[in-house]
Amino acid sequence: MDQVDERCGPYSLAEVRSWFPVTRRGAYLFNGNIAPCAEPVRHAIEKALLTWSEYGDAYHGDGKQAAQQARTLFGELIGVQPHTIASIPNTTTGIHLASRAVNPPPGSNVVVHELSEQGSVFPWLQLRERGVEVRVARAVAGDVPYESIQAEVDERTAAISITHVSMGTGCRLDLSRLSALARDHGAALIVDAAQSAGAVPIDLRATPVDFLAAPTFKWLFGQTGGGFLHVSERWLETPPPIPGHSSVVDSHDVNLETINPYADARRFESGMTDALANVAAAAGLAMLKRVGYSQVHARIATHVTRLMDGLSTLDNAGVVLWTPTDPEHRAGIVALDIAHHKDLHQSLTREGFHVGDWQGHIRIDPAFYNSAEEIDSVLAIITAHAREHTG
Ligand SMILES: Cc1ncc(COP(=O)(O)O)c(C=O)c1O
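What you see is a predicted model, and the numbers here were worked out from it, not measured in a lab.

1. A word on the overall build of the protein chain
Stage number 1. Scanning the protein chain for helices and strands turns up 11 helices and 15 strands.
Stage number 2. For 391 residues, the compact-globule formula gives about 21 Å, and the C-alpha radius of gyration of the protein chain, at 22 Å, lands near that figure.
Stage number 3. Per-residue burial over the protein chain gives 55% buried out of 391 residues.
Stage number 4. A separation of at least 24 residues holds for 72% of the contacts in the protein chain among residues at least 6 apart in sequence.
Stage number 5. Mean positive and mean negative side-chain charge positions of the protein chain (31 and 45 charges, respectively) differ by 1 Å.

Structural data, given as structure tokens:
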């Protein structure tokens, strides 16, 4: 595939790459860490900064409007109504809020898995002192089999809290089976979608979950300090877990006797949110929508398949792939073990390839604006390194 022939939805790849100044410096292939700032996002932030410096508090109103737009776009992306989405500062906060809402009773248990990000687990660990058991489903060769989670769930399970796509190996859990498992046991399903929202299709109409949290700074191309919490209808009457001026209908109400929360998911918000993060979130999501969410997902899948196919020919050269081979069980992250991986990481950096040196693996996270040529080039360098060290 030649770069000039590649398309990104209605755009040529060349045009899309012109939105990403980072592409002028080399191949940015660590998008699941912190995605680079695209021009439409930078312009939106700069406009808000200008308003802030010239008009002061007016930028707060722009931020609130952007937050509303971002919630609507995020809802479209995952197949839910905007009133089920709260603006939050990060994923960890979202899972903590969910844990307060679910409030597992003493004697119950919560099931997490071994390849989780801390934020999927820590909120529940805090509950152990009041008699809640935390059970850890084990991983097998870089994946968390459905059966591993199923084996831990029983009639006392109050919640299943999962990292949907693991940042270590890139494995993706089967949301539809977990959604059914949670429903069958009357447990809440809480999803950390940091590495899945924007990278792979999520349709919560088909696979309902109780809560889903995601940050904006990865596959949604927003900024750090922003995120979303989807709260399913059945939890919308929960008393605000951290009530404050942003969770109530009239933020200027001086009545300190009663809390009058929003009827929607904003009751899960608390104080001031980051206006610039909200502006960036709206701009990042609008950019993805212009390209087409399905085109974005398809391009990531094509790049990942190209990488996986190339790397799988190197097993006799000592390359071990941690990412599952089944496309349904992976997303935008490819993780591999290779001899002298730090040397490889250094030579890739020297050659202008930004990949991850992550938990002892090389991690490559291609996004929609990356080119097939970049994938082939990174493969060529890895191949030469692998052959040299087995040779
Ligand atoms: C799977 C996963 N969950 C969560 C996060 C981030 O959590 P937070 O938004 O709380 O910083 C990351 C990466 O930073 C991640 O890879």
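Moving on, there is more to tell.
2. Side note on the domain arrangement of the protein chain
Stage number 1. Along its sequence, the protein chain is carved into domain 1 (3-30 + 292-390) and domain 2 (43-290).
Stage number 2. Taking the mean C-alpha position of each, domain 1 and domain 2 sit 28 Å from one another.
Stage number 3. Each partner contributes residues to the interface: domain 1 has 29 residues there, and domain 2 has 26 residues.
Stage number 4. Our count for the contact surface shared by domain 1 and domain 2 stands at 0 salt bridges.
Stage number 5. The tally of links from domain 1 across to domain 2 stands at 13 residue pairs in polar contact (both at pLDDT 80 or more).
Stage number 6. Of all the secondary structure elements, the ones that give two or more residues to the side of domain 1 that touches domain 2 are helix 9 (293-312) and strand 15 (361-364).
Stage number 7. In terms of residues, the side of domain 1 that touches domain 2 owes the most to one element, helix 9, which gives 4 residues.
Stage number 8. Residue composition of the side of domain 1 that touches domain 2, by class: 18 nonpolar, 7 polar and 4 charged.

3. A short note on the pairing of strand 6 (residues 133-137)
Stage number 1. Strand direction decides the pairing type here: strand 5 (residues 109-113) and strand 6, joined by 5 bridges, are parallel. Paired with His-113 across the bridge in strand 6 is Ala-137.
Stage number 2. Regarding the hand of the β-α-β motif, the stretch spanning strand 5, helix 5 (residues 118-125) and strand 6 is right-handed.

4. Here's the deal with the environment of Arg-234
Stage number 1. Topologically, Arg-234 is positioned in the loop between strand 10 (227-231) and helix 8 (275-291).
Stage number 2. Of the residues examined, Arg-234 reaches a relative accessible area of 56% and is grouped as exposed.
Stage number 3. Along the primary structure Arg-234 and Ala-335 are separated by 101 residues, whereas in three dimensions their C-alpha atoms are 37 Å apart.
Stage number 4. Within polar-contact distance, the side chain of Arg-234 engages the side chain of Asp-210 at 2.7 Å.

5. Looking at the packing of aromatic side chains
Stage number 1. This structure, assessed with the given rule, holds 11 aromatic pairs.
Stage number 2. Ring centres of Phe-20 and Phe-368 lie 5.9 Å apart, and the angle between their planes is 75°; on these two criteria the pair is classed as edge-to-face. In this pair, Phe-20 is assigned in the loop between helix 1 (13-18) and strand 3 (27-28) and Phe-368 in the loop between strand 15 and helix 11 (372-390), connecting sequence segments 348 residues apart.
Stage number 3. Judged by centre distance (5.4 Å) and plane angle (90°), the rings of Phe-221 and Phe-368 are edge-to-face. With a gap of 147 residues between them, Phe-221 in the loop between strand 9 (211-215) and strand 10 and Phe-368 in the loop between strand 15 and helix 11 connect regions that are remote in the sequence. Both residues of the pair, Phe-221 and Phe-368, count as buried.
Stage number 4. Cluster of aromatic residues (ring-pair linked, three or more members): Phe-20, Phe-221, Phe-368 and Tyr-369.

6. Quick word on the pattern of salt bridges
Stage number 1. Inspection of the entire model under this criterion finds 16 salt bridges.
Stage number 2. Residues Glu-6 and Arg-299 are paired through a salt bridge, measuring 2.7 Å at the closest nitrogen-oxygen approach. On the criterion of sequence distance, the pair formed by Glu-6 in the segment before strand 1 (7-8) and Arg-299 in helix 9 is long-range, its members being 293 residues apart. Comparing Glu-6 with Arg-299 shows no difference in burial state: the two are buried.
Stage number 3. Between Arg-42 and Glu-46 there is a salt bridge; the shortest N-O distance is 2.8 Å. Here Arg-42 and its partner Glu-46 are both found in helix 2 (residues 39-55), 4 residues apart, which amounts to about one turn of the helix.
Stage number 4. We classify Arg-42 as partly exposed; its relative accessible area is 32%.
Stage number 5. A single salt-bridge network, built from bridges that share partners, covers Glu-39, Arg-42 and Glu-46.

What counts, and at which threshold
Residues numbered from 1 in each chain as written. Predicted model: local features only at pLDDT ≥ 70, side-chain atom pairs only at ≥ 80, totals over all residues. Heavy atoms only, no water. Helix = DSSP H or I, 4+ residues; strand = E, 2+ residues; numbered from the N terminus. Rg over C-alpha atoms; globule rule 2.2 N^0.38 Å. Buried < 20%, exposed > 50% of the residue type's maximum accessible area, 1.4 Å probe, protein only. Contact = heavy atoms within 4.5 Å. Lys, Arg positive; Asp, Glu negative; His and termini not counted. Charge placed at Lys NZ, Arg CZ, Asp CG, Glu CD. Domains from an automatic or database assignment. Salt bridge = Lys/Arg side-chain N within 4 Å of Asp/Glu carboxyl O. Polar contact = N/O pair within 3.5 Å; in protein donor to acceptor, adjacent residues only side chain to side chain. Nonpolar A, V, L, I, M, F, W, Y, C, P; charged D, E, K, R; others polar. Pairing = 2+ DSSP bridges. Right-handed = clockwise from strand over helix to strand, strands pointing away. Phe/Tyr/Trp six-rings, centres within 6.5 Å; stacked < 30°, edge-to-face > 60°.

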